[in-house]
Amino acid sequence: MRDPEQKRFSPLRLLLILAALGLFCYSGMQLLDYSGENAQAEQGNQALIDQAVILVEPTRPSVEAVPGETQPLREAAPIQVDFEALHQQNPDIIAWIYSPDTPINYPVAQSEDNSYYLRRLIDGTRNTAGTIFADFRNAPDLTDRNTLVYGHNMKNNTMFGTLSEYRKQSYYEDHSTLWLLTPDAAYKLEPLSGFVTRADSDSYTLFETQEELRSYLDEAVSQSGFRTDVDLDTVERIVTLSTCTYQGDDKRFILVCALTELNNES
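Values in this document were obtained by computation on a predicted structure and should not be read as measured data.

Student: Sorry, what's going on with helix α4 (residues 210–223) here?
Tutor: Residues spaced three or four apart along an α-helix point in a common direction, a consequence of the helix completing one turn every 3.6 residues. The end-to-end C-alpha distance of α4 is 20 Å, a good match for the 20 Å that 14 residues give at a rise of 1.5 Å each. Within the sequence span of α4, burial applies to Leu213, Tyr216, Leu217 and Ala220. All buried residues of α4 fall inside an arc of 105° around its axis, so they share one side. Looking at the packing, one finds that the buried side of α4 touches β10 (186–198), β11 (238–244) and β12 (251–261).

Student: Can you walk me through the pairing of β12 in this structure?
Tutor: For a regular strand, side-chain orientation follows a simple rule: the groups alternate between the two sheet faces. Where β10 and β12 come together, 11 bridges link them in antiparallel fashion. Among the inter-strand pairings, Phe195 is bridged to a residue of β12, identified as Ile254. In terms of strand pairing, β11 meets β12 through seven bridges, oriented antiparallel. Within β12, the residue paired with Cys244 across the bridge is Arg252. Where β11 folds back onto β12 in an antiparallel hairpin, the turn is made up of six residues, including Gly248, whose phi is positive at roughly 140°.

Student: Would you mind going over the side chain of Asn153 with me for this structure?
Tutor: Positionally, Asn153 belongs in the loop between β8 (146–150) and α3 (169–174). Of the polar contacts made by the side chain of Asn153, one reaches the backbone oxygen of Cys244; its length is 3.1 Å. The residues touching Asn153, leaving out its near neighbours within four places in the chain, are Phe160, Gly161, Thr243, Cys244, Thr245 and Tyr246.

What counts and how
Residues numbered from 1 in each chain as written. Predicted model: local features only at pLDDT ≥ 70, side-chain atom pairs only at ≥ 80, totals over all residues. Heavy atoms only, no water. Helix = DSSP H or I, 4+ residues; strand = E, 2+ residues; numbered from the N terminus. Expected span 1.5 Å × (residues − 1). Buried < 20%, exposed > 50% of the residue type's maximum accessible area, 1.4 Å probe, protein only. Arc of directions from axis to C-beta. Contact = heavy atoms within 4.5 Å. Pairing = 2+ DSSP bridges. Polar contact = N/O pair within 3.5 Å; in protein donor to acceptor, adjacent residues only side chain to side chain.

If you want it as structure tokens, here you go:
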């Protein structure tokens with residue numbers, strides 16, 4: 001005999017429970033899809049690294065005693081990149097970005113708009129991780145005063161998922177140099193400022209004059225979460241690394257870096 005105090009599932013309550021179970025299953029499937037796409041993206045990128053990127057011993061500038069003269073040792077990037085091999089995979093690749101001791105070790109693509117690589121891997125496969133890419137307005141040889149490079153803020157810290165760590169002085173001090181290589185040159189990126197800004201802010205301006213750039217840098221440095229001793233008067237070109245935040249759809253975290261071409265003369 002049923003206990004009269006025992007609660008019964010009403011049709012509405014049963015429907016709500018079934019709906020909740022359905023949502024739970026759907027969320028679980030979405031999480032699995034997300035994890036699977038992340039794994040696919042990283043496997044594809046690792047294949048590119050294995051094929052085209054070689055780690056080398058970094059060379060820092062110094063002065064070496066030579067009989068009768070002093071000869072500076074030229075600085076070299078800690079990686080070498082085979083762009084011919086990369087272009088066989090995708091001719092849209094214009095550069096390679098590398099940050100030692102972080103997950104940032106990726107090709108940089110450029111298309112005719114800023115939407116194509118948002119949800120596509122370098123081989124064109126649709127994937128939520130997307131691809132690191134340069135603004136379509138920029139010159140592919142990095143000759144603009146401000147080159148804009150975009151990447152997703154992935155929760156597993158891949159892509160530009162670690163970029164917002166530059167809010168902290170200690171992180172900057174441990175990661176004070178990034179590298180950007182193109183088919184024709186190698187560049188050092190020295191972070192100047194890291195902060196949250198609007199998606200339509202002046203940070204996304206290419207700047208027509210050096211005066212405009214310097215005025216912007218003064219403002220950008222005043223907002224930064226870290227401090228650097230780089231002389232702004234020496235900065236002629238910058239690269240702005242941009243990623244989304246979880247503070248609103250119109251907010252971005254950016255890392256503004258001085259762009260310096262390495263001396264490749266022997």
